[in-house]
Amino acid sequence: MSESRGAKPGPEPADRVAIGITFGNSNSSIAFTVDDKADVIANEDGDRQIPTVLSYVDGDEYYGAQAKAFLVRNASNSIAYFREFLGKDFKSIDPTYCHAAAHPQDNAGNVFFSVKDKDAEGEASSVSVSEAATRYLRRLVTSASDYLGKKVTSAVITVPTNFSDKQREALIKAANDADIEVLQLISDPVAAMLAYDARPETVVEDKIVVVADLGGTRSDVAVVASRGGMYTILATAHDYEFAGVQLDQVLMDHFAKEFIKKHTTDPRSNAKSLAKLRQESEATKKALSLGTNAQFSVESLAEGFDFSSTINRLRYEMIGRKVFEGFNRLVEGVVKKAELDVLDIDEVIMCGGTSHTPRIANNLRNIFPESTKILAPATSVSAINPSEAQARGAALQASLIQEYEANDIEQSTHPAVTTVKHISNAIGVVTINTDGEEVFTPIMQAETAVPARRTVHIAAPKDGGDVLIKVVEGGTHIKVTKPEPKAKEPVNGDKDSDADSDFDSEEEEEEEKREKVWKLGKQLAEAAIRGVKKGGKVEVTINVLADLGVTVTAREVGGKGGVRGNLAA
């Protein structure tokens, strides 16, 4: 769930002003918690999603939306899409997305950028990726301090689940160099879940959640088990081929072809024209997430020709079909990787800027059963803004831990504490119902982090008497019920009537039914409670220790004595 904080000494707990930061490769966000409610902070330009871009003009530093605008006419002095390079060697990076900005360069195996950050007429400076991150984080914190009217000292920062230890250390160092105390690093999917689970109306319950973080340059999907308020990540998937930039590219190609038809020149062949095309395509994509039609208009797109066109959402979804199908495969693949079925998933949380696209959420609605909540703007009125969910979760976590001593935070968030064992199968009891059939009642769900303790009450027979309880492991099984083939009835009449009959029978054919049922596994223990009172209940408690040893206790509710047994791990 988390990583330990940096070693740099920070302020006293009483003097801390802590925020949550989502430091993305395309966009970043900052959030602050007031009265247990997290709000995303807008920077001085009014942006709540702040492009992760730095640009230098005549020695002045710009960041966010202003810097992104300079990618058209000041690309060589603009640094963009650099977070992914933190803590990496030059030979291991993919500079694809930096083609429209300053290119990363090799300096003794480290990643550097060459930009004129002091004076437009002077020599270019070599800015390391760590220094770029420090400069950008410093600007984020300055914006937050100006908004709050007090100096921000500390932060909880979200990171992808596949960030290596070296990358995490590099991020902590960059933040420390920006005079930010890193209270904790938490993974992106956990931050998104915190944002939802902290809402007053949320009932904390055991569930399995898919968190689909669809960003600008990468997509990350995780399957997370929430058991008793503790999160366990079961499987993750990371994809760099299906993300927001691919949808931008689809629109760029579409409008470029229209421009070529009118003016017989390709705007993608010129760097400045390509930058204009890219920025307006991204704006069109965002407009199509909100409305059914969008206007594409660029002044002097290429060779002095202005260009204007329109596109509707249906056309956009058709030309982007392959990308949308890629998102589907990514989500289905990570569920399969977790050795689960879509019927096992209780919620799908969508976050990241690309999650605003209605088609993606609607496709997931078709993949998962009706019982699964798809938490996205297009499918749920209660969904949190996907671009803000992670920053809100980070801010909530910051508000919870900012009053603790630095050493206490470091100890409580150490990987040895937060990376815990969990049971792979559910544990429950088998009883006999009135029809003489065995009934499995789960006490502790699969993927529950240990140590854990759960209790359940089992009703005794109406007339009382002895109660035999079997404690067993259980797993879910998908039961497929195929419809029985219908007998074809002879139809009198000509061939046309026969054809109509066949067509009608195909239309009326039922689909196969899939449902989740329990499949009993290994028996762990057996206990008999004698002489239970009429209408009484039996209390069964399962206690799984940190070493996966199990203690089973069974007793009559309100009675004396009981049965207790220990099972080795």
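Residues numbered from 1 in each chain as written. Predicted model: local features only at pLDDT ≥ 70, side-chain atom pairs only at ≥ 80, totals over all residues. Heavy atoms only, no water.

What follows covers the overall build of the protein chain. When helices and strands are counted, the protein chain shows 13 helices and 28 strands. Relative to its 569 residues, the protein chain shows a buried fraction of 49%. Residue pairs in contact within the protein chain that sit at least 24 positions apart in sequence constitute 66% of those at least 6 positions apart. In the structure as shown, the protein chain presents an accessible area of about 28,100 Å², 47% of it carried by carbon and sulfur atoms. (Helix = DSSP H or I, 4+ residues; strand = E, 2+ residues; numbered from the N terminus. Buried < 20%, exposed > 50% of the residue type's maximum accessible area, 1.4 Å probe, protein only. Contact = heavy atoms within 4.5 Å. Areas by Shrake-Rupley, 256 points an atom, 1.4 Å probe, with all protein chains shown as cover.)

Geometrically, a pair of aromatic rings is defined through the distance of the ring centres and the angle of the planes. This model, assessed by the stated rule, comprises 11 aromatic pairs. Look at Phe23 and Tyr136: their rings are 5.8 Å apart centre to centre, the planes differ by 20°, and that puts the pair in the stacked class. Here Phe23, found in the loop between strand E2 (18-22) and strand E3 (27-34), pairs with Tyr136, found in helix H2 (residues 129-148); they are 113 residues apart in sequence, far enough to count as distant. In this structure Tyr136 comes out as buried when scored by relative accessible area, which is 0%. Here the aromatic cluster, defined as three or more aromatic residues joined through ring pairs, consists of Phe23, Tyr63, Phe82 and Tyr136. (Phe/Tyr/Trp six-rings, centres within 6.5 Å; stacked < 30°, edge-to-face > 60°.)

So, about the sheet that holds strand E6 (residues 53-57). The antiparallel open sheet is built from 3 strands, whose spatial order is E7-E6-E8. Two strands bound the open sheet, and with one partner strand each, they are strand E7 (60-63) and strand E8 (78-80). This sheet shows a mean twist of 15° between the axes of neighbouring strands, independent of strand direction. The pairing of E6 with E7 spans 4 bridges and is classified as antiparallel. Counted as the bridge partner of Val57 is Asp60 from E7. Along the sheet, H2 makes contact with E6, E7 and E8, crossing E7 at roughly 75°. (Pairing = 2+ DSSP bridges. Axes fitted to C-alpha atoms, helices over the stretch in contact; angles between N-to-C directions.)

Once that is clear, we can look at helix H9 (residues 358-367). Given 3.6 residues per turn, any residue in an α-helix points the same way as the ones three and four places further on. Of the positions making up H9, those classed as buried are Pro358, Ile360, Ala361, Asn363, Leu364 and Ile367. In this structure, the buried residues of H9 make contact with strand E14 (207-214), helix H6 (271-290), helix H7 (313-319), helix H8 (321-337), strand E19 (347-351) and strand E20 (373-375).

So, on to the nonpolar core. Ile21, Phe23, Phe82, Leu137 and Ile157 are the most contacted members of the largest nonpolar core, which totals 50 residues. Ranked by residue count, the leading element in this core is H2, at 8 residues. Ala212, Ala294, Ile311 and Val348 belong to the second-largest nonpolar core, a separate cluster that totals 46 residues. (Core = buried A, V, L, I, M, F, W, Y, C linked by side-chain atoms within 4.5 Å.)

So, on to the pairing of strand E26 (residues 537-544). Burial of E26 is extensive: 6 of the 8 residues sit out of reach of the surface. Examined bridge by bridge, strand E23 (residues 452-459) and E26 share 8 bridges and lie antiparallel to one another. Its bridge partner lying in E26, Ala452 is registered against Val544. As paired strands, E26 and strand E27 (residues 550-556) are joined by 7 bridges and run antiparallel to one another. Across the sheet, Ile542 pairs through a bridge with Val552, a residue of E27. Counted between consecutive antiparallel strands, the loop separating E26 from E27 contains 5 residues, among which Leu548 sits at a positive phi close to 75°.

Moving on, we get to the pattern of salt bridges. Per the counting criterion, the structure on display carries 26 salt bridges. A salt bridge links Glu61 to Arg139; its shortest N-O distance comes to 3.2 Å. On the criterion of sequence distance, the pair formed by Glu61 in strand E7 and Arg139 in helix H2 is long-range, its members being 78 residues apart. Taking the relative accessible area as the measure of exposure, Glu61 reaches 25% and is therefore partly exposed. Arg139 sits in the partly exposed class, given a relative accessible area of 21%. Note that Arg135 and Asp117 form a salt bridge whose closest N and O atoms lie 3.1 Å from each other. (Salt bridge = Lys/Arg side-chain N within 4 Å of Asp/Glu carboxyl O.)

Here we take up the sheet that holds strand E11 (residues 125-128). Pairing is antiparallel in the open sheet, where 3 strands are placed in the order E9-E10-E11. Only two strands of the sheet have a single partner each, and these edge strands are strand E9 (104-107) and E11. Direction aside, neighbouring strands of the sheet carry axes that sit 50° apart on average. As paired strands, strand E10 (residues 110-115) and E11 are joined by 4 bridges and run antiparallel to one another. Residue Phe112 lies in a different strand from E11, and its bridge partner there is Ser128.

Take a negative patch on the surface next. A cluster of acidic residues, Glu12, Asp15, Glu405 and Asp408, forms a negative patch on the protein surface. Within the secondary structure, Glu405 sits in the loop between helix H10 (389-401) and helix H11 (406-412). Look at Glu405 and you get partly exposed, because its relative accessible area is 44%. (Patch = residues over 30% accessible without salt bridge, like charges linked within 9 Å, V, L, I, M, F, W, Y side chains within 5 Å. Lys, Arg positive; Asp, Glu negative; His and termini not counted. Charge placed at Lys NZ, Arg CZ, Asp CG, Glu CD.)

So, about H6. Between its terminal C-alpha atoms H6 stretches 29 Å, which fits the 28 Å expected from 20 residues at 1.5 Å a residue. Along H6, the positions that sit buried rather than exposed are Ser273, Ala275, Leu277, Ser281, Glu282, Thr284, Lys285, Leu288 and Ser289. Where the residues of H6 are buried, they touch helix H1 (65-69), helix H5 (244-263), strand E17 (293-302), strand E18 (305-312), H7 and H9. Between the side-chain oxygen at the start of H6 and the backbone nitrogen of Lys272 there is a gap of 3.0 Å, and the oxygen is on Asn270. (Expected span 1.5 Å × (residues − 1). Polar contact = N/O pair within 3.5 Å; in protein donor to acceptor, adjacent residues only side chain to side chain.)

In low-pLDDT regions, the fine details of the predicted coordinates are not to be read closely. Averaged over every residue, the pLDDT of the protein chain is 88; residues scoring 70 or more account for 90%. Residue range residues 1-7 is modelled with pLDDT below 50. Its contacts to residues more than four positions away, or to other chains, number 31 contacts. A low-confidence stretch, residues 503-508 stays under pLDDT 50, and its non-local contacts, those more than four residues away or across chains, total 1 contact. (pLDDT = per-residue confidence, 0-100.)

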